[in-house]
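Coordinate inspection notes
Residues per chain, in single letters:
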Amino acid sequence: MPPVESPRWQQKATDFFSSSSFKLKQAGQSAGDNIADVAGKVGSVVKSRWAIFQDARQRPPPPGDTVQERFISAAANTGVILRKGISETKEKVAVGKVKVEEAAKKTADKSKTILNNIERWQKGVASTDVFGVPIEATVQREQSGKAVPLILAKCADYLVISGLSNEYLFRSEGDRKVLQQLVSLYNEDSGASLPDGVSPIDVAALIKCYLASIPEPLTTLALYGELRDARVSIDDLKNILKKLPNVNYMTLEFITALLLRVSRKSSLNKMDSRSLAVEFAPLIMWQQGDSGTDLRNHLRFTLKAPPKMVDTTSNTATWDLLDEDDVDASSQIPLDDMSPPDYSAIEVIQCLIEHHNPIFTDANETVWSSF
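Residues numbered from 1 in each chain as written. Predicted model: local features only at pLDDT ≥ 70, side-chain atom pairs only at ≥ 80, totals over all residues. Heavy atoms only, no water.

Digging into the overall build of the protein
Inclusion rule: Helix and strand labels come from DSSP, where a helix needs a run of H or I of at least four residues and a strand needs a run of E of at least two; each type is numbered from the N terminus. Relative accessibility decides the category of a residue: with a 1.4 Å probe and only protein chains considered, values under 20% of the type maximum give buried, values over 50% give exposed, and everything between is partly exposed. Note on definitions: a residue-residue contact is assigned when non-hydrogen atoms from the two residues lie within 4.5 Å. Note on areas: Shrake-Rupley with a 1.4 Å probe; residue coverage comes only from the protein chains shown.
Per the secondary structure count, the protein includes 17 helices and zero strands. Residues classed as buried in the protein amount to 42% of the 371 residues present. Considering only residue pairs separated by 6 or more positions, the protein has 76% of its internal contacts joining residues 24 or more positions apart. Accessible area of the protein: about 20000 Å², with a carbon and sulfur share of 53%.

This is the structure:
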């Protein structure tokens with residue numbers, strides 16, 4: 001038989017648990033959906049606790065305990081949760097519905113950014129990344145109708161219009177922090193326009209960094225030997241290059257056509273075809289473990305900042321990988337202990353620049369129509 005209890009205490013307990021849940025949710029709704037969800041969750045906890053106490057009421061109490069005392073204890077314990085929840089909700093309501101909604105949006109955006117960056121670190125690259133991703137995958141995802149990554153097209157357009165006369169173009173490294181910002185920009189949106197006022201030196205360096213980041217050279221690992229042996233024959237080079245995947249072939253044509261234009265202004269920029277071939281051979285034509293590994297690793301390092309710990313208690317955006325004030329942005333490529341350059345690869349790239357039009361007769365007009 002259920003224990004006999006005071007109607008007065010039973011009614012107080014019932015009113016306490018039922019009304020608190022309703023008031024909390026009502027206060028939350030006035031502050032917007034975000035707070036209402038929080039209030040609703042607290043309200044659900046309250047209802048759950050009340051259901052437990054209702055069930056316990058049907059069982060005989062331990063010796064020395066009464067139903068009235070259990071209600072008092074339950075009300076006191078749950079009251080702490082409710083008072084805290086109602087207080088926090090009312091504080092947020094007090095700042096006004098608009099401000100609450102703005103705060104909720106900022107919190108949601110910040111959470112999305114953090115989650116996206118966590119996913120990037122877990123997968124190695126994000127789904128929108130272009131750096132470090134196979135070139136064919138990038139072109140296929142962009143669906144631009146071109147067989148060349150958009151980042152290269154944007155950079156080449158910029159240089160052709162305003163930057164071909166800069167001294168030591170493609171030899172100067174550029175500003176590391178600016179490069180990191182540009183990498184972040186294009187990893188988020190591969191079709192983005194270059195920021196106003198960006199230096200042609202930095203744009204040229206970005207092209208090199210992109211080529212250094214892709215997993216396989218434009219000429220592919222498989223064709224390295226054939227291209228090396230055919231470096232003195234334009235006809236042989238032309239035929240071997242036709243074995244390349246279409247994206248690789250068109251991108252190689254695109255890059256060497258740009259370098260040809262740069263070399264034609266060598267009296268101003270001091271970068272002739274040989275100088276350009278020295279800079280690009282380790283990025284375009286290489287084999288595993290060759291002497292260009294140091295250069296590619298250096299350029300990849302330029303793109304990255306040391307990973308930071310995530311402080312989930314701070315309001316500061318701890319995933320901003322661009323704030324590296326303690327890093328020397330002008331550090332030079334470590335050449336002291338490098339192996340001799342791959343002169344065969346340099347000769348191939350120099351030949352592709354100097355004899356670009358007869359080698360790429362099928363692609364030349366199509367690619368450069370955008371300019």
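Here the narrative resumes.
Details of the confidence of the model for the protein
Should the pLDDT be low somewhere, the predicted coordinates at that spot are not to be read in detail. The criterion, for reference: The predictor reports its confidence for every residue as pLDDT, a score running from 0 up to 100.
Residues at a pLDDT of 70 or more form 50% of the protein, whose mean pLDDT is 73. Within the model, pLDDT remains below 50 along residues 1–6, and this stretch shows eleven contacts once partners closer than five positions in the same chain are excluded. Within the model, pLDDT remains below 50 along residues 364–371, and this stretch shows 20 contacts once partners closer than five positions in the same chain are excluded.

Some remarks on unusual backbone geometry
Of note in this structure, Gln 143 is not a glycine but carries a positive phi near 50°. Among the secondary structure elements, Gln 143 is positioned in the loop between α5 (135–142) and α6 (150–162). The backbone of Thr 220 sits at a positive phi, close to 70°, despite the residue not being glycine. As for its placement among the helices and strands, Thr 220 is situated in the loop between α8 (200–213) and α9 (224–229).

So, the packing of aromatic side chains
Here is the rule we go by: Working definition: rings of Phe, Tyr and Trp (its six-membered ring) pair if their centres are within 6.5 Å, and the pair is stacked with planes under 30 degrees apart, edge-to-face with planes over 60 apart, and tilted otherwise.
Under the definition given, this model contains three aromatic pairs. With centroids separated by 5.6 Å and ring planes inclined at 85°, the aromatic side chains of Phe 131 and Tyr 210 adopt a geometry described as edge-to-face. Highlighted residues: Phe 131 in the loop between α4 (97–123) and α5 and Tyr 210 in helix α8, separated in sequence by 79 residues. Across this residue pair, the class does not change: Phe 131 and Tyr 210 are buried. Judged by centre distance (5.5 Å) and plane angle (55°), the ring pair of Tyr 249 and Phe 360 falls under tilted. Highlighted residues: Tyr 249 in helix α11 (residues 246–263) and Phe 360 in the loop between α16 (356–359) and α17 (364–367), separated in sequence by 111 residues.

As for the side chain of Thr 220
Given the relative accessible area of 10%, Thr 220 is considered buried. Every residue in contact with Thr 220, bar those within four places of it in the chain, is listed here: Leu 244, Pro 245 and Asn 248.

Here we look at the packing of α11 against helix α13 (residues 273–284)
For any two helices packed against each other, one specifies the inter-axial angle together with the distance between the axes. Rules: A fitted line through C-alpha atoms represents every axis, and for helices the fit uses only the stretch in contact; the resulting angles, taken between N-to-C directions, go from 0 to 180 degrees. Note that the term roughly parallel is reserved for angles under 35 degrees, roughly antiparallel for angles over 145, roughly perpendicular for angles of 65 to 115, and oblique for everything else. If you view the pair so one helix is near and one far, a crossing is left-handed when the near helix is turned anticlockwise from the far one by less than a right angle, and right-handed when it is turned clockwise. Residues are sorted three ways: Asp, Glu, Lys and Arg are charged, Ala, Val, Leu, Ile, Met, Phe, Trp, Tyr, Cys and Pro are nonpolar, and all the rest, Gly among them, are polar.
The N-to-C vectors of α11 and α13 enclose an angle of 155°; their axes lie 10 Å apart at closest approach. Relative to α13, the element α11 lies roughly antiparallel. Seen from above, α11 lies across α13 with right-handed handedness. Counted together, Leu 252, Ile 255, Leu 259, Val 262 and Ser 263 of α11 and Ser 273, Leu 276, Phe 280 and Ile 284 of α13 form the full contact between these two elements. Classifying every residue of the contact of α11 with α13 gives seven nonpolar, two polar and no charged.

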